[in-house]
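Chain by chain, the residues:
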Amino acid sequence: MITVLIIVAAAVVLFGVGAFVLARVSGRNKAKVLPEPGKPELTLEQKDVIRSSQSELVSIRMIFSRITNSDIGRRGAQICDEIDRILKALKDKPDNVRSSSQLFSYYIPTLKNVAERYQNMESGNALDTPQIPEKVMLYLDDMNSAMGNMYAGLFDKDKLKVEVDMEAMTMALRRDGLLPDTDEPILKPELKL
C-alpha cells in the first residue's frame with residue numbers, strides 16, 4: 001500500500017514538473033505576433049502623437065464635465081467623441097496621421113483653451129452677457145461638424161477603391177457574358193458611396 005502511494009505521489013510530482021517545463025519551453029518558442037498582412041503599422045512617433053492626443057482628450061472631457069451650462073457641456077462631449085473616433089481610425093490608417101497634423105497641433109489644443117477659458121469665466125461669474133455662451137455654442141457646433149467631416153475624409157480613399165473595384169468587377173461580369181451589356185452607368189448615382 002505504501003509503495004502504491006509513493007508511486008502515485010512520484011507520478012503527480014513528475015506530471016507537475018513536466019507541465020511546468022512544457023509551459024516554460026512553449027512560452028519561449030512562441031512565434032511573435034505578426035501584424036495583419038497589408039495593414040500598415042504605426043511608427044513610435046505616430047503612437048506617441050496619438051497617445052498624447054488621447055491624454056489631452058481626457059483632460060478636455062474633464063473640463064467640459066465641470067461646465068455648468070449643460071448645452072455647452074453636451075456639445076463639448078460630442079466633439080470629444082468625434083475626436084476619439086478620429087484617433088481610433090488613425091490607429092488603423094497610419095498613412096493619414098501626417099495629413100491630420102492640424103488635429104494634433106492646433107484643433108485639440110485650441111479646443112482645450114476655449115473650454116478652459118469658458119470654464120474659468122463661468123466659475124468666476126464673469127459671463128455678464130448671453131453672447132459669450134451663444135458664441136461658444138456656435139463655435140462648438142462648427143467644431144463638431146468639422147470633426148465629423150475630418151472623420152469621413154479618412155475613408156475617402158477607401159470609398160474610391162470600393163467604387164473602382166465594383167466598376168471593374170461589373171465590367172468583367174459583362175465581358176464574361178454573366179451580365180447583360182448595356183449603356184447604362186454601372187453604378188446608379190443613388191447607389192454611389
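Our subject is the structure that appears above.
Please read these numbers as outputs of a predicted model, since none were measured by experiment. (Residues numbered from 1 in each chain as written. Predicted model: local features only at pLDDT ≥ 70, side-chain atom pairs only at ≥ 80, totals over all residues. Heavy atoms only, no water.)

**Quick notes on helix H4 (residues 101-123)**
Since the α-helix turns once every 3.6 residues, residues separated by three or four places project in the same direction. A rise of 1.5 Å per residue sets the reference length of H4, with its 23 residues, at 33 Å; its end C-alpha atoms lie 33 Å apart and thus fit the reference within 8%. At Tyr107, H4 shows its strongest bend, of approximately 30°, with the proline Pro109 following within four residues. By the burial criterion, the buried members of H4 are Leu103, Phe104, Ile108, Leu111, Lys112, Ala115, Tyr118, Gln119 and Glu122. Buried residues along H4 sit against helix H2 (44-66), helix H3 (70-92) and helix H5 (131-153). At the exit of H4 stands Asn125, carrying a positive phi of roughly 50°. (Helix = DSSP H or I, 4+ residues; strand = E, 2+ residues; numbered from the N terminus. Expected span 1.5 Å × (residues − 1). Bend = angle between axes of the 7 residues up to and from the residue. Buried < 20%, exposed > 50% of the residue type's maximum accessible area, 1.4 Å probe, protein only. Contact = heavy atoms within 4.5 Å.)

**Focus on the side chain of Arg174**
By secondary structure assignment, the location of Arg174 is in helix H6 (residues 156-175). One polar contact links the side chain of Arg174 to the main-chain carbonyl oxygen of Pro180, over a distance of 3.4 Å. (Polar contact = N/O pair within 3.5 Å; in protein donor to acceptor, adjacent residues only side chain to side chain.)

**Some words on the nonpolar core**
Within the largest apolar cluster, 29 residues are counted, with the highest numbers of intra-cluster contacts made by Phe64, Ile72, Ile83, Leu90, Leu103, Leu111 and Met147. For this core, the secondary structure elements donating two or more residues are H2, H3, H4 and H5. Here the element with the most residues in this core is H3; it accounts for 8 residues. Sequence-distant contacts of Ile83, defined by excluding residues within four places in its chain, comprise Leu57, Leu103, Ile108, Leu111 and Met147. (Core = buried A, V, L, I, M, F, W, Y, C linked by side-chain atoms within 4.5 Å.)

**A look at the packing of H4 against H5**
Axis separation between H4 and H5 bottoms out at 12 Å; the angle between their running directions is 155°. When the axis of H4 is compared with that of H5, the two are roughly antiparallel. Crossing handedness for the pair H4 and H5: left-handed. Each of Leu103, Tyr107, Thr110, Leu111, Val114, Tyr118 and Met121 in H4 lies in contact with H5, whose residues at this interface are Ile132, Pro133, Val136, Tyr139, Leu140, Met143, Met147 and Met150. Looking at side-chain class alone, the contact of H4 with H5 contains 14 nonpolar, 1 polar and no charged residues. (Axes fitted to C-alpha atoms, helices over the stretch in contact; angles between N-to-C directions. Parallel < 35°, antiparallel > 145°, perpendicular 65-115°, else oblique. Left-handed = near helix turned anticlockwise from the far one by under 90°. Nonpolar A, V, L, I, M, F, W, Y, C, P; charged D, E, K, R; others polar.)

**Section: the packing of aromatic side chains**
Inspection of every chain in the model, using the stated rule, returns 2 aromatic pairs. On the numbers, 6.0 Å between centres and 65° between planes, the contact of Tyr106 with Tyr107 is edge-to-face. For Arg85, the ring lying beneath its charged end belongs to Tyr151, and the centroid distance is 3.7 Å. (Phe/Tyr/Trp six-rings, centres within 6.5 Å; stacked < 30°, edge-to-face > 60°. Lys NZ or Arg CZ within 6 Å of the ring centre and 35° of its normal.)

**A short note on the side chain of Asn96**
Note on placement: Asn96 falls in the loop between H3 and H4. With a relative accessible area of 12%, Asn96 lands in the buried category. A distance of 3.4 Å separates a polar side-chain atom of Asn96 from the backbone oxygen of Leu154. Excluding its chain neighbours within four sequence positions, the residues that come into contact with Asn96 are Leu90 and Leu154.

**Digging into the environment of Gly153**
The residue Gly153 is located in helix H5 in this model. It is 9.8 Å that separates the C-alpha atoms of Gly153 and Asn96, two residues lying 57 residues apart in sequence.

**Regarding the environment of Leu154**
By the secondary structure assignment, Leu154 is in the loop between H5 and H6. For Leu154, a relative accessible area of 7% corresponds to the buried category. Between the C-alpha atoms of Leu154 and Ser99, which are 55 residues apart in sequence, the distance is 9.6 Å. What Leu154 contacts, discounting residues up to four positions off in sequence, is Ile86, Ala89, Leu90, Lys93, Asn96 and Ser100.

**Details of the environment of Glu56**
Note that Glu56 resides in helix H2. Considering only alpha carbons, one finds Glu56 and Lys112, 56 residues apart in sequence, at a separation of 8.0 Å. Not counting residues up to four positions away in its chain, the partners in contact with Glu56 are Ile108 and Lys112.

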